[in-house]
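# Descriptive structure summary
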Amino acid sequence: MTAVTVEDQRFMARALQLAAEGLCSADPNPCVGCVIVRDGKIVGEGFHARAGEAHAEVVALVAAGDLAIGATAYVTLEPCNHHGRTPPCVDALVSARVSRVVYAVNDPNVSVRGGGGRSLASSGIAVSVGCCQSAARLLNVGFFKRVETGRPYVRLKLAASVDGRTALQSGHSRWLTGDAARADVQQLRARSSAILSGFASVQHDDSRLSVRDESIALRGRHPLKVILDPMLQLSVAARVLKSAGATLILTDSGDSDKCKRLVAAGAEVCGINGHSVRELPAVLGELARRHVNELLVESGPRLAGAFIAAGLVDELIVYLAPHLLGDSALPFARLPLLSDLKSRWEFRFVDVRHVGADLRVTLMPQIKEGG
């Protein structure tokens with residue numbers, strides 16, 4: 001392994017920029033960027049756009065042509081050394097006769113996991129690993145979470161007044177936040193593998209759970225819409241069944257007539273082997289099995305509270321509107337009664353910014369000592 005230089009960091013930063021171009025389209029594959037550099041100049045670059053299409057290394061090598069001979073390839077994820085829907089990227093790099101490969105982080109997949117780097121080294125190519133590793137993992141946070149833990153990365157998105165209320169007692173909440181905040185949510189939806197909500201919220205709001213901004217949707221793919229509906233009560237006329245993207249209804253019900261009607265309306269309806277859909281860890285396991293990397297939860301206070309109380313939220317995003325709704329309004333999460341402050345759910349601020357007239361506050365769970 002060769003040492004990483006300041007110049008390596010500069011070119012890897014460009015590769016990471018390219019990789020981010022696939023945020024709304026590459027799923028369930030990771031976002032990967034590649035830059036080919038010869039004599040200190042970029043001679044080819046590319047990113048992985050969609051599953052089944054050429055990987056970043058191949059796109060960049062094609063762009064570089066013969067200039068790839070003796071060049072250095074910068075890749076944001078370890079090049080693959082196995083046959084999937086596309087040939088191994090290691091073979092492409094070896095055939096192109098690059099002299100050195102710098103990649104940011106090892107691929108967590110058991111079919112790769114260091115094998116790509118070893119194959120390159122055994123072919124006489126100098127290899128460097130770890131350049132901009134943290135940034136590379138962050139870019140594919142859901143992919144790493146799913147592969148390493150068997151669960152997707154969970155973002156819980158809420159919109160609330162500054163006194164922590166999401167709707168009037170009647171349930172009326174349209175619109176609590178402004179146009180800019182709602183547009184920002186479309187970006188969150190677009191990068192997500194799936195959007196999850198409970199039956200009650202979907203039915204009450206007649207939610208579509210889809211990416212409504214066509215300029216975003218056309219660049220990517222439509223997230224899977226997941227509805228937890230234990231008793232199979234969703235109406236066949238619900239807008240969610242007509243909006244773009246596949247709909248998955250997870251249920252405990254064995255009512256075959258209801259199931260047939262919802263399937264005829266375009267949904268997939270199923271249970272979770274040996275588990276209730278009220279068991280959220282089992283729900284996440286099922287979604288990971290379906291290659292869901294990043295899950296966006298948009299729900300009412302009961303389901304939001306259940307995710308928080310179970311410690312299943314990786315990232316909490318709250319859009320705060322500059323309003324007060326009063327103590328009779330609905331809270332953003334229904335949580336168990338605490339007897340002392342030591343039992344509270346602790347988060348840390350990681351980002352706070354204005355989005356139009358509102359604030360977007362991003363928090364992550366506070367890791368307790370010994371945790």
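As shown above, the structure is provided for reference.
Keep in mind that this is a model prediction, so the values were computed, not measured.

Criteria and thresholds
Residues numbered from 1 in each chain as written. Predicted model: local features only at pLDDT ≥ 70, side-chain atom pairs only at ≥ 80, totals over all residues. Heavy atoms only, no water. Helix = DSSP H or I, 4+ residues; strand = E, 2+ residues; numbered from the N terminus. Rg over C-alpha atoms; globule rule 2.2 N^0.38 Å. Buried < 20%, exposed > 50% of the residue type's maximum accessible area, 1.4 Å probe, protein only. Contact = heavy atoms within 4.5 Å. Areas by Shrake-Rupley, 256 points an atom, 1.4 Å probe, with all protein chains shown as cover. Lys, Arg positive; Asp, Glu negative; His and termini not counted. Charge placed at Lys NZ, Arg CZ, Asp CG, Glu CD. Core = buried A, V, L, I, M, F, W, Y, C linked by side-chain atoms within 4.5 Å. Phe/Tyr/Trp six-rings, centres within 6.5 Å; stacked < 30°, edge-to-face > 60°. Lys NZ or Arg CZ within 6 Å of the ring centre and 35° of its normal. Arc of directions from axis to C-beta. Pairing = 2+ DSSP bridges. Axes fitted to C-alpha atoms, helices over the stretch in contact; angles between N-to-C directions. Salt bridge = Lys/Arg side-chain N within 4 Å of Asp/Glu carboxyl O.

## Things to note about the overall build of the protein chain
Broken down by element type, the protein chain carries 12 helices and 16 strands. For 371 residues, the compact-globule estimate of 2.2 N^0.38 gives 21 Å, and the protein chain sits close to it at 23 Å. Along the first, second and third principal axes, the C-alpha set of the protein chain runs to 70 × 45 × 40 Å. Residues counted as buried form 49% of the 371 residues belonging to the protein chain. Across the protein chain, the fraction of contacts at a sequence separation of at least 24, relative to all contacts at a separation of at least 6, is 70%. Of the accessible surface of the protein chain, which amounts to about 17400 Å², a share of 53% is contributed by carbon and sulfur atoms. Between the mean site of the 42 positive side-chain charges and the mean site of the 37 negative ones, the protein chain shows a separation of 2 Å.

## Some thoughts on the nonpolar core
The biggest cluster of nonpolar side chains holds 40 residues, and the ones touching the most others in it are Ile36, Val98 and Val101. Elements with a contribution of two residues or more to this core: helix H1 (6-19), strand E1 (33-38), helix H2 (56-64), strand E3 (72-75), helix H3 (89-95), strand E4 (100-103), helix H5 (133-139) and helix H6 (141-149). Per element, the largest residue contribution to this core is six residues, and it comes from H1. Among residues more than four places away in sequence, those in contact with Val101 are Ala73, Val75, Pro79, Leu93, Leu120, Ile125, Ala126, Val127 and Ser128. The next biggest cluster of nonpolar side chains, apart from the first, holds 33 residues, and it includes Leu287, Leu303, Phe307 and Val361.

## Details of the packing of aromatic side chains
In the structure shown here, the tally under the stated rule is two aromatic pairs. Ring centres 5.4 Å apart and planes at 40 degrees place the aromatic pair Phe11 and Tyr74 in the tilted group. Of this pair, Phe11 sits in helix H1 while Tyr74 sits in strand E3; the two residues are 63 residues apart in sequence, bridging distant segments of the chain. Each member of the pair, Phe11 together with Tyr74, is buried. The ring centre of Phe144 lies 4.4 Å from the NZ or CZ of Arg137, which sits over that ring.

## Some points on H2
If you check which residues of H2 are buried, you get Ala56, Glu57, Ala60, Leu61 and Ala64. Summarising the axial view, the buried residues of H2 lie within an arc of 125 degrees, below the 170-degree limit, and thus occupy one face. Check the buried side of H2 and you find it contacts E1, strand E2 (41-47), E3 and H3. Once H2 finishes, Gly65 follows within two positions and takes phi at roughly 60 degrees, a positive value.

## Re the side chain of Ser161
Counting through the fold element by element, Ser161 comes out in strand E6 (residues 153-161). Residue Ser161 is classed as buried on the basis of its relative accessible area of 0%. In this view, Ser161 contacts Leu176, Leu320, Ala321, His323, Leu324 and Leu325; residues no more than four positions away in its chain are not counted.

## Description of the sheet that holds strand E8 (residues 194-198)
If you walk across this open sheet you meet the nine strands as E11-E10-E9-E8-E12-E6-E13-E16-E15, and the pairing is mixed. Each having just a single partner strand, strand E11 (267-270) and strand E15 (347-355) make up the two edges of the open sheet. Averaged over neighbouring strand pairs, the angle between their axes works out to 20 degrees when direction is ignored. One ladder, built from three bridges, connects E8 with strand E12 (residues 294-297); its direction is parallel. Note on E12: the bridge partner recorded for Ala194 is Leu295. Where H6 meets the sheet, it contacts E6 and E12, and its direction lies at approximately 130 degrees from that of E6.

## Quick word on unusual backbone geometry
The residue after Asp27, namely Pro28, is reached through a cis peptide bond having omega 5 degrees. As for its placement among the helices and strands, Pro28 is situated in the loop between H1 and E1. Although it is not a glycine, Asp39 sits at a positive phi angle of roughly 55 degrees. Summarising the element assignment, Asp39 is placed in the loop between E1 and E2. Its relative accessible area of 74% is what places Asp39 among the exposed residues. Positive phi is not limited to glycine here, since Leu209 has a value of about 55 degrees.

## Re the pattern of salt bridges
Under the criterion given, the structure shown has 20 salt bridges. Each of Arg155, Arg191, Glu294 and Glu315 takes part in one network of salt bridges that share partners.

## Notes on the pairing of E15
Pairing of E15 with strand E16 (residues 358-365) involves eight bridges; the strand directions are antiparallel. In the strand pairing of E16, His354 is matched with Leu359.

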